Amino acid sequence: MAIYNAAWAIPFLPLLGALGSLGVETQRRAAQLCVVFSGLSFVAAAIVLGIRLTHAPGAPFDSLLTFFAMTPPEGAVFATQFQAQVGVHVYALSASFAAAIAFATVVIQAYAVTAMRGEHGYRRFFCGSSVLAFCTTGFVLSPNLFDSLIMWVGASASLYVLLSLSWQRADIARHAARAMVILTASDIALTLGVVFTWIKFGVFSSLLPAPAGQTSADPFSFGVISQGVIATLHHEVASTGPRAILVMGIVFLVAATVRSVQFPFTVWLNDTATSAIPVLAIAAATVAPLGIYLVARIYPVVAHAPRALPILALIGAVSAVLTAATGIAQRSITRIAACAVASELGLGLVAMGMGGYSPGVFIAFTSVFTSTLLVLAVGNLVRVYRTDDITEMGGAWAKLRTTSLALGVWALLAVGIGLGAYYALSSALSGVDPAGGVFSGSERVVVIIVTVVAAALVALLAGRLLLTVTTGTVARRRGFQHERVAEVENTLRRPLRLAMVAAVACALVGLPGLEPLHLGSGRI
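Reading guide: rules and limits
Residues numbered from 1 in each chain as written. Predicted model: local features only at pLDDT ≥ 70, side-chain atom pairs only at ≥ 80, totals over all residues. Heavy atoms only, no water. Phe/Tyr/Trp six-rings, centres within 6.5 Å; stacked < 30°, edge-to-face > 60°. Helix = DSSP H or I, 4+ residues; strand = E, 2+ residues; numbered from the N terminus. Buried < 20%, exposed > 50% of the residue type's maximum accessible area, 1.4 Å probe, protein only. Lys NZ or Arg CZ within 6 Å of the ring centre and 35° of its normal. Core = buried A, V, L, I, M, F, W, Y, C linked by side-chain atoms within 4.5 Å. Contact = heavy atoms within 4.5 Å. Expected span 1.5 Å × (residues − 1).

**Quick word on the packing of aromatic side chains**
Taken as a whole, this structure holds 17 aromatic pairs when the rule is applied. Measuring from centroid to centroid gives 5.5 Å for Tyr4 and Phe61, while their planes differ by 40°, and the two rings are tilted. Linking Tyr4 in the segment before α1 (9-21) with Phe61 in strand β1 (residues 61-70), this pair joins segments that are 57 residues apart in sequence. Pair check on accessibility: Tyr4 and Phe61 agree, each one buried. Cluster of aromatic residues (ring-pair linked, three or more members): Phe42, Phe97, Phe103, Phe139, Trp152, Tyr293, Phe365 and Phe369. Positioned over the ring face of Trp152 is Arg259, at 4.1 Å from the centre of the ring. The positively charged end of Arg401 is found above the aromatic ring belonging to Trp397, 4.3 Å away from the centroid.

**Focus: the nonpolar core**
Counting 179 residues, the largest nonpolar core has Trp268, Tyr385 and Trp410 as the members making the most contacts within it. When residues of this core are assigned to their parent elements, the largest contribution, 17 residues, is made by helix α3 (residues 92-115). If we skip the residues at most four places from it in the chain, Trp268 touches Leu159, Ala179, Ile182, Leu183, Val258, Arg259, Val261, Ala283, Val287 and Ala288.

**Some words on helix α20 (residues 490-509)**
The end-to-end C-alpha distance of α20 is 28 Å, a good match for the 28 Å that 20 residues give at a rise of 1.5 Å each. By the burial criterion, the buried members of α20 are Leu492, Arg493, Pro495, Leu496, Ala499, Met500, Ala502, Ala503, Cys506 and Ala507. As for α20, its buried residues are in contact with α3, α15 (357-385) and α17 (401-417).

**Some remarks on the environment of Val24**
Mapped onto the elements of the fold, Val24 is located in the loop between α1 and α2 (27-54). On the basis of relative accessibility, which here comes to 22%, the residue Val24 falls in the partly exposed class. For the pair Val24 and Arg123, spaced 99 residues apart in sequence, the C-alpha separation works out to 10.0 Å. In contact with Val24, not counting residues within four places along its chain, are Arg29, Ala30, Leu33 and Arg123.

**Description of helix α19 (residues 441-470)**
Here α19 spans 43 Å end to end across 30 residues, near enough to the 44 Å set by a 1.5 Å rise per residue. Immediately downstream of α19, the backbone of Gly472 shows phi near 75°, a positive value.

What follows is the structure, encoded as structure tokens:
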């Protein structure tokens, strides 16, 4: 359908907004221009998603441009055509995530128009966040690994720009550099995976029939990679065997776990917590979930890599336990929020690792909205109480009713209403291996036990945060006028209300097109 070409507008509208903001005279006008273009991107994403849902049985839509092509001479070492393509791939998963990320971006930018007024790098934040939206939406819409790699690396670079807004401060610059080092590790891992995949499946792809409108099959296409994995298992790919699939799975999972803030790589999101609240919000809501999205796109590789899935599930469960426990011990409310985000994504990896493709994707999808809701509520609390120490807060329910309600909604979603822990445990109890058969009893028991502990700790973390902040009276401290504590201005409450409604609607309705109530053990 030609209307699907509107998907090109989803990533490029924020990019146009970023470029246009550079020519606007005042910072506030530049910020408003970026918000407008991000809003138009969300409108385009919503239209594409609506059309896709009304034509769910239809085949996915691809629109491709050849980035460059190379035809080696006869007798070359790699006797295959190298053709790198970029474009958009529209189906239920990509359309849903594109709409979610576009929504989170415009809500966070609308919040930042007021929240970051007077901060260092005000214009740079809106320009950088719009470029980041171009990369993140481009990543979820990418039709192949080559395009995904470009957007993945671009997201890392854009996030570094946001982290270093206050580069004049030595502590901020140090945290930004450390976060960038960790994110670069995921970039390197994904690059190795892309190169290794081309080396192993390049010749194989040249033997496949060319899709309609193309001269040859794209060696980076997710469909070609899936066919290559199956052909490898049947010994139909030269010089490639199960060990090659294992190596692919390992490098892709390293990239995914780093980006999804899994232990010990939680440092990069904790470092983000030292930046402005909108930076933390956009990193947690639009960058961190991309790790699980990557696993979903290359699921045939990890599903057929020996023991890769149960190891992934165990990593997610252990990481959820450790990050939740760390959050419980923290006093900094921004670091607590970062730990909560990491724990939720850990449960998503548990579901993916135990064969629950749809539940894992659903958890990643809902995390876009719940992370936005949590961090914006935290931002209001920090703004009002002039501290990020939760022991110096209190009495928010009487003074900040809208913010307290938003925090309470997030806490209810975190303790179980959001169904994240339920889906993770359901997948572990089912234990259906997507590659065939079931996981061993010992693997399932270990993952189930650790997941139950993680769910309990996440509930404890949410309860501690909510009760500490909302109950009691405003803490008294030197130099703070506690009697002046009041709800934030309406320009900061409106984005919070939008995030709250979206988070509740997402939890109730579920992920469109993926049937989250189905465990999806056979969906690869």
